[in-house]
Protein chains: 2
Amino acid sequence: MVSAPGEEHYYLGIDGGGTKCKACIATADGRVLGTALAGPANPLHGFEQTLDSIECAARRALKDAQLPPETLQHLIAGVGLAGVNVPDLYRSISEWRHPFDHLYLATDLGIANMGAHHSEDGAVIVVGTGSSGYARVNGVERLLGGHGFPYGDQGSGAWMGLEAIKAVLLASDQLGPPTNLTEGVARLLGAKGIAIVEVMSGRPSSEYAKLAPLVFSAAEEGDDVAQKIVEEGASYISSMAYKLLDCQPGRLSLIGGLAARIEGWLAPGILKDLSIPLGPPEEGAILFARQRHLKANIA
Amino acid sequence: MVSAPGEEHYYLGIDGGGTKCKACIATADGRVLGTALAGPANPLHGFEQTLDSIECAARRALKDAQLPPETLQHLIAGVGLAGVNVPDLYRSISEWRHPFDHLYLATDLGIANMGAHHSEDGAVIVVGTGSSGYARVNGVERLLGGHGFPYGDQGSGAWMGLEAIKAVLLASDQLGPPTNLTEGVARLLGAKGIAIVEVMSGRPSSEYAKLAPLVFSAAEEGDDVAQKIVEEGASYISSMAYKLLDCQPGRLSLIGGLAARIEGWLAPGILKDLSIPLGPPEEGAILFARQRHLKANIA
């Protein structure tokens, strides 16, 4: 495909997540022109909303890049989404009649990995609303965790929020030890005991994840119950790190909204093996889109 | 209120739960004429379905009692529902334009307690799709647990199913010990690893509860992971029993679909303190309705 005169190709990188969708626009040679945020984009927890958030984030990023709205239909998009390792979801998103010129779909982990290492090879652990691990070594992928709320994603924000609520409810019945989380949760949710159930019933994982900073703070202040939660979560993330390092990925990065917060709780041996990410996931999405698009146009 | 000639009053007892709704029809003097089942009736997990299930169960019970359908509007209903200890839900159900002559609303625990002891005083632990405890002593009520899926109801069927899935997913990543539950879950759900997520995502607690018998079987056959799940659940139920016995309720009964299965796993001291329930919850709902209706017509 050759650009018509005056119709320049821009790249769109999308990093979808349970709490927000990040977008960035770059030129064909990788210069970032604009970035933007939109609402949640985890197709497992809201399919239509995910598509809306992607389009909304793209439009906002175009505006931020001072490009006209009609540029949308010329964008070569790289989209990384949680959950598209589930075959049915991959198919559904692929069938989306998207407003872009092209859309290349990858897992959120795949693009995070490319962003962190500026290479397809490497490993990442993402700790944000959810948690998951990914390694790619010589073309072989390994996925860990990322099974989702409420049955997986130990160590993630949503998991910590759920564990905090479980602990507060147990304490409210005096069937579990008292904890400072009771007061913190009451302040944040405006609810105690059974009223917590009213507030949280049916809420998405991103609402649970909002409690995670509270759990870290209580743990750092020495609350036993909060410490046990953070330690259990961190121990899972450490095990995941060891498993990924076994694949000899070259580089392993810890990323996501809770990465900085959980780092200090990991097994001491892990820290020295972590590499600072070279770029964010949305940059990885652009690299991915460029790579795929060049390959498609050579083939 | 005095019955018009030829217009006899019948009582309807409803025991709503996360998996099914039980109904029974009785005469004014308590003779049971018919019983029936309908779909789930937990208003926390489906408000409209709960109302539908109640009406459907009532119509079926009338049929079973060989009473004409139009008797529905003359029924004095006692309805016990999970979740109506949450004030907003109590209000919403109370505002229902129900098809009965009268509707008296109680918690599922209140009617279970009346059924088990043929008295307002006593205590019950319900272990089915969910788990909860209740004591009433000299007019003072004590509620334990029943906070719901996925943050509470330890020891319940839904909790066991969720713990089983967590364990199977951890094992699939080799981040948790291997377990026979993997095979059992695969057989029941037709899914392994990430495919389990596709099957279970967004499913109600009753679907998780369907895995509980599998967990008990694996535990009974010596599977370590399953044993830990059942032991943790049973330990919670034992703690609940001790707390309820502290209230000196006279009688304490263990009821619900998993009562017989979990009994043997409780702390050895508990069993001798358990009393066999005198009647099922739906019978308690009839006692409750009769009591309330007499009181309302005397007042």
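Okay, so let's go over this structure. Since we're looking at a predicted model, the values are computed, not measured.

## Some details on the overall build of chain A
Right, on to step 1. When helices and strands are tallied, chain A shows 12 helices and 9 strands.
Right, on to step 2. For chain A, the spread of C-alpha atoms along the three principal axes comes to 70 × 40 × 35 Å.
Right, on to step 3. For chain A, the proportion of contacts with a sequence separation of at least 24, taken over those separated by at least 6, is 64%.
Right, on to step 4. Accessible surface, chain A as shown: approximately 12700 Å² in total, 51% of it carbon and sulfur.
Right, on to step 5. Across chain A, the centroid of the 23 positively charged side chains sits 1 Å from that of the 33 negatively charged ones.

## Some words on the pairing of strand 8 (residues 140-145) of chain B
All names here are of chain B.
Right, on to step 1. Two elements, strand 7 (residues 131-137) and strand 8, share 6 bridges in a ladder whose sense is antiparallel. Looking at the pairing, Val-137 lines up with Val-140 of strand 8.
Right, on to step 2. Where strand 7 folds back onto strand 8 in an antiparallel hairpin, the turn is made up of 2 residues, including Asn-138, whose phi is positive at roughly 50°.

## Quick look at the side chain of A:Ser53
All names here are of chain A.
Right, on to step 1. Locating Ser-53 in the fold gives a position in helix 1 (residues 47-64).
Right, on to step 2. Ser-53 gets classed as buried once you look at its relative accessible area, which sits at 6%.
Right, on to step 3. One polar contact links the side chain of Ser-53 to the main-chain carbonyl oxygen of Gly-39, over a distance of 3.2 Å.

## Some points on the sheet that holds strand 5 (residues 102-107) of chain A
Residues and elements named next belong to chain A.
Right, on to step 1. An order of 3-2-1-4-5 is seen for the 5 strands of this open sheet, with the pairing classed as mixed. Across the chains shown, the open sheet's two edge strands, defined by having one partner strand only, are strand 3 (32-38) and strand 5. Neighbour-to-neighbour, the strand axes of this sheet turn through a mean angle of 15°, independent of strand direction.
Right, on to step 2. Note that strand 1 (residues 10-16) and strand 4 (residues 76-81) share 5 bridges and pair parallel.

## Considerations on the sheet that holds strand 9 (residues 252-255) of chain A
Adjacent strands of a sheet pair through backbone hydrogen bonds, lying either parallel or antiparallel.
Residue and element names in this part refer to chain A.
Right, on to step 1. One open sheet holds the 4 strands; their spatial order is 8-7-6-9, and the pairing between them is mixed. Each having just a single partner strand, strand 8 (140-145) and strand 9 make up the two edges of the open sheet. Along the sheet, successive strands turn relative to each other by an average axial angle of 15°, direction set aside.
Right, on to step 2. In this sheet, strand 7 (residues 131-137) lies alongside strand 6 (residues 122-127) in antiparallel orientation, the contact comprising 6 bridges. What sits directly across from Ile-125, in strand 7, is Gly-133.
Right, on to step 3. Across the sheet, helix 3 (residues 108-117) touches strand 6, strand 7, strand 8 and strand 9, and the angle it forms with strand 6 is around 115°.

Conventions we followed
Residues numbered from 1 in each chain as written. Chains lettered and ligands numbered in written order. Predicted model: local features only at pLDDT ≥ 70, side-chain atom pairs only at ≥ 80, totals over all residues. Heavy atoms only, no water. Helix = DSSP H or I, 4+ residues; strand = E, 2+ residues; numbered from the N terminus. Contact = heavy atoms within 4.5 Å. Areas by Shrake-Rupley, 256 points an atom, 1.4 Å probe, with all protein chains shown as cover. Lys, Arg positive; Asp, Glu negative; His and termini not counted. Charge placed at Lys NZ, Arg CZ, Asp CG, Glu CD. Pairing = 2+ DSSP bridges. Buried < 20%, exposed > 50% of the residue type's maximum accessible area, 1.4 Å probe, protein only. Polar contact = N/O pair within 3.5 Å; in protein donor to acceptor, adjacent residues only side chain to side chain. Axes fitted to C-alpha atoms, helices over the stretch in contact; angles between N-to-C directions.

Taken by themselves, the reported measurements are silent on function.
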